[in-house]
Amino acid sequence: LLEENDSVIIATGSTIMAFAEKIVPKGTLNVVTPSLKVSMLLSAVGNVNIIQLGGVVHKKSLSVRGTSPLISMEEFSCSKLFIGAGINEEYGVTNSNLEEAQLNREMMKAASKTIVLVDSSKFSRKGFGRICPLSQIHTVVTDGGIHASTVRMLEEQGVEVIIAE
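Residues numbered from 1 in each chain as written. Predicted model: local features only at pLDDT ≥ 70, side-chain atom pairs only at ≥ 80, totals over all residues. Heavy atoms only, no water.

**Thoughts on the sheet that holds strand β11 (residues 139-142)**
Right, on to step 1. In space, the seven strands of this open sheet follow the order β3-β2-β1-β6-β9-β11-β12, with parallel pairing throughout. A strand with exactly one partner marks an edge of an open sheet, and here the two such strands are β3 (48-52) and β12 (160-163). With strand direction ignored, the average angle separating the axes of adjacent strands in the sheet is 25°. (Pairing = 2+ DSSP bridges. Helix = DSSP H or I, 4+ residues; strand = E, 2+ residues; numbered from the N terminus. Axes fitted to C-alpha atoms, helices over the stretch in contact; angles between N-to-C directions.)

**Notes on the nonpolar core**
Right, on to step 1. If you look at the biggest cluster of nonpolar residues, it comprises 31 residues, and the most contacted ones within it are I9, I87, V93, V116, V140 and L154.
Right, on to step 2. For this core, the element with the highest residue contribution is helix α4 (residues 98-109), accounting for four residues.
Right, on to step 3. Those residues in contact with L154 that sit more than four places away from it in its chain are I87, F123, L134, V140, I146, V159 and V161. (Core = buried A, V, L, I, M, F, W, Y, C linked by side-chain atoms within 4.5 Å. Buried < 20%, exposed > 50% of the residue type's maximum accessible area, 1.4 Å probe, protein only. Contact = heavy atoms within 4.5 Å.)

**So, the pattern of salt bridges**
Right, on to step 1. Overall, the coordinates contain three salt bridges when judged by the stated rule.
Right, on to step 2. Ionic pairing is found between K80 and E3, a salt bridge with its closest N-O pair at 3.6 Å. Highlighted residues: K80 in strand β6 (residues 78-84) and E3 in the segment before β1 (7-10), separated in sequence by 77 residues.
Right, on to step 3. For K80, a relative accessible area of 6% puts it in the buried group.
Right, on to step 4. In this structure, the salt-bridge partner of D6 is K80, at a minimum N-O distance of 2.6 Å. One end of the pair, D6, is in the segment before β1; the other, K80, is in strand β6, with 74 residues separating them in the sequence.
Right, on to step 5. Assessed through its relative accessible area of 5%, D6 is described here as buried. (Salt bridge = Lys/Arg side-chain N within 4 Å of Asp/Glu carboxyl O.)

**Details of helix α5 (residues 148-156)**
Right, on to step 1. Along α5, the residues classified as buried are T150, V151, M153 and L154. The arc enclosing the buried residues of α5, seen along the axis, measures out at 160°, which places them on a common side.
Right, on to step 2. Buried-residue contacts for α5 involve β7 (86-88), β11 and β12.
Right, on to step 3. Immediately beyond the C-terminal end of α5, within one or two residues, lies G158, with a positive phi of roughly 85°. (Arc of directions from axis to C-beta.)

Pasting the structure below:
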């Protein structure tokens with residue numbers, strides 16, 4: 001999903017880290033992220049420019065939160081946003097933290113396309129922080145454990161579903 005000389009936003013979380021570990025840039029890749037873990041990981045990868053968002057550090061996830069990263073998001077224009085989240089048919093895309101959900105919404109404004117990376121076990125889950133309705137995301141990347149009915153539901157909402165093996 002990464003293109004040559006792309007500029008992307010990469011959020012936080014364990015699924016996002018698994019994604020970041022697989023990144024091999026085509027040309028130069030510009031990455032904006034609130035995740036210190038993603039920044040540290042990608043700092044060892046050639047041809048990756050990292051823009052670390054500032055703010056209050058959440059110790060468990062090693063990511064920044066609060067109003068500081070929200071203000072700086074207005075400065076960026078990226079092709080894609082990669083977030084990890086839960087997906088619920090009724091509530092849409094959610095996570096467990098309200099501040100992180102708010103930051104994800106702001107990051108969505110700075111990206112042309114929102115891609116949700118989600119383990120099939122996180123479908124039908126409803127987190128505390130609502131990010132957005134399903135109609136506001138473009139693509140879901142998940143594993144083969146997704147139910148066919150969930151794929152149909154997402155496609156009916158206009159969401160592309162990619163099953164990664």
